[in-house]
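Each chain, letter by letter, is given below.
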Amino acid sequence: EDAARAAEFQARIDQDERIEPNDWMPAAYRKTLTRQISQHAHSEIVGMLPEGNWITRAPSLRRKAALLAKVQDECGHGLYLYAAAETLGTSREELVDAMLAGKAKYSSIFNYPTLTWADIGTIGWLVDGAAIMNQIPLCRCSYGPYARAMIRVCKEESFHQRQGFEIMVTLCRGTAEQKAMAQNALDRWWWPVLMMFGPPDQASQHGDTSTRWKIKRFSNDELRQKFVDATVPQAQFLGLTIPDPGMKQNENGNWEYSPIDWEEFKQVLAGNGPCNRDRLAARRKAHEEGAWVREAAMAYAEKRKSRQLA
Ligand code: FAQ
């Protein structure tokens, strides 16, 4: 009977129907979506930390207001995504606990430090640029709540990307020292950003099933290539050099990049990146310090419930 249901489910996917929370779905579909959406949510929340580091040191009031708004947007994205993951039957508490226990992944990119103000520009330009490349196709993902959350997230991400690129333009038109700071940030972030798209296709364990289920519309390598092709002219416009001297454009117009250091990616995923320990420690501290808010909210909900009963 399950085989018949699975075939019916696949037929719905093939016809581009949206799957909604109360619909029947294979256990593996539920599991892989819970995994991906919760990792995505954790990335948004942990992703607030590298930039949060610069809010108090933004170079002007205007820059500070924009950065504050961006970091708040990321918090909002995390919350929509936890809500989307909860529709699959796992509570937000369980999801968050798995992250705090170091059992759930979040994007590798947020384990790198933000050393200068140019890193804030580079994160917006490249990290948000990569996030958009990956998330636009997710607006057409087969699971309704995830796809709908992505529409708003992508609109906000595109503002974040422009915010970052504008910082880069300003630095690159500034003093020699500012330009050097921008180049240095690009040198440090380029390779980790390429790793954001995930392992190469032949090593992507979930790639084939997620493609069949239309969770993924493009493979990791396809999105990575689209990103590189879109970014090269932007770097040229800025007058910055991508730290890959072997890079060349082939006859199809695609920029071929040098091999990626997948050992570094493996180490970051294993918890040994430059900031993994700091990031988890910061999240655990914030969670503990927020305990009173959760308790107060629960007590208030109880009080309202008992009033309604009375
Ligand atoms: N970091 O079989 P695949 C943002 C894991 S954007 C860590 O290819 P899949 C916005 C993967 O989970 C960043 N782990 O997996 C922002 C799997 O491990 P598992 C978040 C990674 O799912 C900007 C294993 O490797 N965006 O936050 C990474 O088919 C600025 C094998 O990989 C999303 O999460 C990685 N980079 O494809 C916020 C987008 N790559 O679970 C603040 C949604 C792979 O078996 C500031 N996610 N792994 O233990 C996706 O599109 C997919 O999950 C991929 C991976 C493409 C990331």
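Residues numbered from 1 in each chain as written. Predicted model: local features only at pLDDT ≥ 70, side-chain atom pairs only at ≥ 80, totals over all residues. Heavy atoms only, no water.

- Per an unreviewed UniProt entry, the recorded name for the chain is Phenylacetate-CoA oxygenase, and the organism is Bradyrhizobium macuxiense.

**A look at the nonpolar core**
Okay, step 1: Among the nonpolar cores identified, the biggest contains 77 residues, and Tyr29, Ile37, Trp125, Tyr143, Tyr146, Trp190 and Phe227 are the most heavily contacted of them.
Okay, step 2: Sorting elements by how many residues they give to this core places helix H7 (residues 144-172) first, with ten residues.
Okay, step 3: Dropping the residues within four chain positions of it, Tyr143 is found in contact with Arg18, Ile19, Glu20, Pro21, Met25, Tyr29, Leu33, Ile37, Ala84, Thr87 and Leu88. (Core = buried A, V, L, I, M, F, W, Y, C linked by side-chain atoms within 4.5 Å. Buried < 20%, exposed > 50% of the residue type's maximum accessible area, 1.4 Å probe, protein only. Helix = DSSP H or I, 4+ residues; strand = E, 2+ residues; numbered from the N terminus. Contact = heavy atoms within 4.5 Å.)

**Side note on the site of the ligand**
Okay, step 1: If you check the shell around the ligand, you find 35 residues, and the closest are Gln39, Lys105, Ser204, His206 and Lys216.
Okay, step 2: A distance of 3.1 Å separates a nitrogen atom of the ligand from a polar backbone atom of Met196.
Okay, step 3: Here an oxygen atom of the ligand sits 2.6 Å away from a polar atom, N or O, in the side chain of His206.
Okay, step 4: Calculation on the ligand without its partners gives an accessible area of 1100 Å², and the protein chains cover 93% of this total.
Okay, step 5: Its atoms largely coinciding with the cavity grid, the ligand occupies the largest pocket. (Near = heavy atom within 4 Å. Polar contact = N/O pair within 3.5 Å; in protein donor to acceptor, adjacent residues only side chain to side chain. Areas by Shrake-Rupley, 256 points an atom, 1.4 Å probe, with all protein chains shown as cover. 1 Å grid on protein atoms, 1.4 Å probe; cavity = no way out; pocket = protein on both sides within 12 Å on 5 of 7 lines; lining within 4 Å. Sits in = over half its atoms within 2 Å of the grid points.)

**What to know about the layout of surface pockets**
Okay, step 1: Its boundaries defined by the atoms lining it, the largest pocket holds a volume of some 1100 Å³.
Okay, step 2: Considering the residues around the largest pocket, the lining is formed by 44 residues, among which Gln39, Asn134, Met196, Phe197 and Gly198 are closest to the centre.
Okay, step 3: Breaking the lining of the largest pocket down by element, the ones donating at least two residues are helix H2 (27-46), helix H4 (61-86), helix H6 (117-135), H7, helix H10 (220-238) and helix H11 (262-272).
Okay, step 4: With seven residues, the single largest contributor to the lining of the largest pocket is H6. (Points joined across faces, edges and corners; volume = space filled by probe spheres on them.)

**Topic: the packing of aromatic side chains**
Okay, step 1: One pass over the structure, following the stated rule, counts eleven aromatic pairs.
Okay, step 2: Ring geometry for Trp262 and Phe265: centres 5.3 Å apart, planes at 85 degrees, overall edge-to-face. With a gap of three residues between them, Trp262 and Phe265 both fall in helix H11, about one helical turn apart.
Okay, step 3: Residue Trp262 is classed as partly exposed on the basis of its relative accessible area of 23%.
Okay, step 4: In this structure an aromatic cluster arises from ring pairing among Phe9, Trp24, Tyr29, Tyr143 and Trp213.
Okay, step 5: The ring of Trp54 carries the charged tip of Arg57 above its face, separated from the ring centre by 3.9 Å. (Phe/Tyr/Trp six-rings, centres within 6.5 Å; stacked < 30°, edge-to-face > 60°. Lys NZ or Arg CZ within 6 Å of the ring centre and 35° of its normal.)

**Description of the packing of H7 against helix H8 (residues 176-195)**
Okay, step 1: Across the interface, H7 lies against H8 with an axial gap of 7 Å and an inter-helix angle of 140 degrees. Relative to H8, the element H7 is oriented oblique. Across the interface between the two elements, Met168, Leu171 and Cys172 of H7 pack against Gln178, Lys179 and Ala182 of H8.
Okay, step 2: The residue makeup of the contact of H7 with H8, split by class, is four nonpolar, one polar and one charged. (Axes fitted to C-alpha atoms, helices over the stretch in contact; angles between N-to-C directions. Parallel < 35°, antiparallel > 145°, perpendicular 65-115°, else oblique. Nonpolar A, V, L, I, M, F, W, Y, C, P; charged D, E, K, R; others polar.)

**Re the packing of H6 against H8**
Okay, step 1: H8 packs onto H6 with a crossing angle of 35 degrees between their chain directions and a minimal axis gap of 9 Å. H6 and H8 meet at a crossing whose hand is right-handed. Where H6 abuts H8, its residues Trp117, Ala118, Asp119, Thr122, Ile123, Trp125, Leu126, Val127 and Ala130 lie against Met181, Ala182, Ala185, Leu186, Arg188, Trp189, Trp190 and Val193.
Okay, step 2: Of the residues in the contact of H6 with H8, the class split is 14 nonpolar, one polar and two charged. (Left-handed = near helix turned anticlockwise from the far one by under 90°.)

**A word on the environment of Gly271**
Okay, step 1: Structurally, Gly271 is set in helix H11.
Okay, step 2: Under the relative-accessibility criterion, Gly271 is labelled partly exposed at 22%.
Okay, step 3: The spatial distance from the C-alpha of Gly271 to the C-alpha of Asn111 is 8.8 Å, given a sequence separation of 160 residues.
Okay, step 4: Sequence-distant contacts of Gly271, defined by excluding residues within four places in its chain, comprise Asn276 and Arg277.

**Some words on the state of the cysteines**
By definition, a disulfide links the sulfur atoms of two cysteines through a covalent bond.
Okay, step 1: Enumeration over the complete set of coordinates arrives at zero disulfides.
Okay, step 2: Cys154 provides the cysteine sulfur closest to Cys75, a residue in no disulfide bond, and the two sulfurs are 18 Å apart.
Okay, step 3: Classification of Cys75 as partly exposed rests on a relative accessible area of 27%.
Okay, step 4: Cys139 carries a free sulfur, and the closest cysteine sulfur to it, the one in Cys154, is 3.9 Å from it. (Disulfide = S-S within 2.5 Å.)

**Some details on the side chain of Lys214**
Okay, step 1: Positionally, Lys214 belongs in the loop between helix H9 (207-212) and H10.
Okay, step 2: Since its relative accessible area comes to 18%, Lys214 is described here as buried.
Okay, step 3: From its side chain, Lys214 meets the backbone oxygen of Ile13 in a polar contact 3.3 Å long.
Okay, step 4: Within the structure, Lys214 has its side chain in polar contact with the side chain of Asp16 (distance 3.1 Å).
Okay, step 5: The contact partners of Lys214, leaving out residues within four places of it in the chain, are Ile13, Asp14, Asp16, Arg140, Cys141 and Ser142.

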